[in-house]
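What the coordinates show
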Amino acid sequence: EIKVGNLQEQVGRGSMITQRLNDKLQRNLLKKQESDKVLQAQMEGACDVSNRALSTKYQRTAEVLTKLCRYYIQVFEAATAITPELRDVVKEFTGPSATEAMAQSGKEM
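Residues numbered from 1 in each chain as written. Predicted model: local features only at pLDDT ≥ 70, side-chain atom pairs only at ≥ 80, totals over all residues. Heavy atoms only, no water.

Focus on the overall build of the protein chain
This is how the line gets drawn: Comment: elements are numbered from the N terminus, with helices defined as DSSP H or I runs of at least four residues and strands as E runs of at least two. Three labels apply to residues, based on accessible area from a 1.4 Å probe with only protein chains included: buried if under 20% of the type maximum, exposed if over 50%, partly exposed otherwise in between. Only the protein chains shown count as cover for residues, with accessible areas throughout obtained via the Shrake-Rupley method and a probe of 1.4 Å.
On a plain count of helices and strands, the protein chain comes out with 3 helices and 0 strands. Ordered by position from N to C terminus, the α and β elements of the protein chain give α-α-α. In the protein chain, buried positions account for 5% of the 109 residues. When the accessible area of the protein chain is evaluated, it comes to approximately 9900 Å², of which 59% is carbon and sulfur surface.

Printed below as a string of structure tokens:
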């Protein structure tokens, strides 16, 4: 852009406009137009990719949340089944040990 701007200034001032200078300006204008087109195409491509990513993020988030919810449902459903077994384990640990129970039964005899 700077190069094209400088050339346009020179041509605009009318200072010794030569065919060579004019040709150089036209070449640089074409290069600038081509690079602008490429930049625009790249920007549109980037927008398309980001839009696709954003549109699928909600679906992916919903899938992950669904899996987490199912996991917690299974955990809490299993907890009700395991609770009686855990109570039995607690009773065994808090009750007298097997050797104490045998010693106690021996005293009773």
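What follows picks up the thread again.
A closer look at the pattern of salt bridges
Side-chain pairs of opposite charge can arise where the charged atoms are in close proximity. To keep it simple, the criterion reads: Here, a salt bridge means any Lys or Arg side-chain nitrogen found within 4 Å of an Asp or Glu carboxyl oxygen.
Scanning all chains against the criterion turns up 1 salt bridge. Among the salt bridges present, the one from K32 reaches D36, with a minimum N-O distance of 3.0 Å. With K32 and D36 both in helix α2 (residues 19–94), this residue pair falls 4 residues apart, about one helical turn. Classification of D36 as partly exposed rests on a relative accessible area of 35%.

A word on a nonpolar patch on the surface
Heads up, the rule is: Patch criteria: residues need more than 30% relative accessible area and no salt bridge. Like-charged residues are merged within 9 Å; nonpolar side chains of Val, Leu, Ile, Met, Phe, Trp and Tyr are merged within 5 Å.
On the surface, V64, L65, L68, Y71, Y72, V75 and F76 cluster together into a nonpolar patch covering about 700 Å² of accessible area. Position of Y71 relative to the elements: it lies in helix α2.

What about the packing of aromatic side chains?
As a reminder, the rule being used: Put simply, two rings from Phe, Tyr or Trp (the six-membered ring, in Trp's case) pair if the centres are within 6.5 Å, and we call them stacked under 30 degrees between planes, edge-to-face over 60, tilted for the rest.
Within this structure, the stated rule accounts for 2 aromatic pairs. Their ring planes at 70° and their centres at 5.2 Å tell us that Y71 and Y72 sit as a pair that is edge-to-face. Ring geometry for Y72 versus F76: centroids 6.3 Å apart, planes at 25°, classification stacked. One end of the pair is Y72 and the other is F76, both in helix α2 and 4 residues apart, which spans about a single turn.

What to know about the side chain of N28
Here is the rule: Throughout, a residue-residue contact means that at least one pair of heavy atoms, one from each residue, lies within 4.5 Å.
Counting through the fold element by element, N28 comes out in helix α2. Look past the residues within four positions of N28 in its chain and what remains in contact with it is K3, V4 and L7.

Focus: a positive patch on the surface
We apply this condition: His is not counted, nor are the chain ends; Lys and Arg add positive charge and Asp and Glu add negative charge. The atoms used to mark charge sites are NZ of Lys, CZ of Arg, CG of Asp and CD of Glu.
Taken together, the side chains of K3, R20, K24, R27 and K31 make up a positively charged region of the molecular surface. Looking at which element gives the most residues to the positive patch, the answer is α2, with 4 residues. Of note, R27 is situated in helix α2. Using a relative accessible area of 48% as the deciding quantity, one classes R27 as partly exposed.

Honestly, that's just the spatial picture; any functional story needs more than this.
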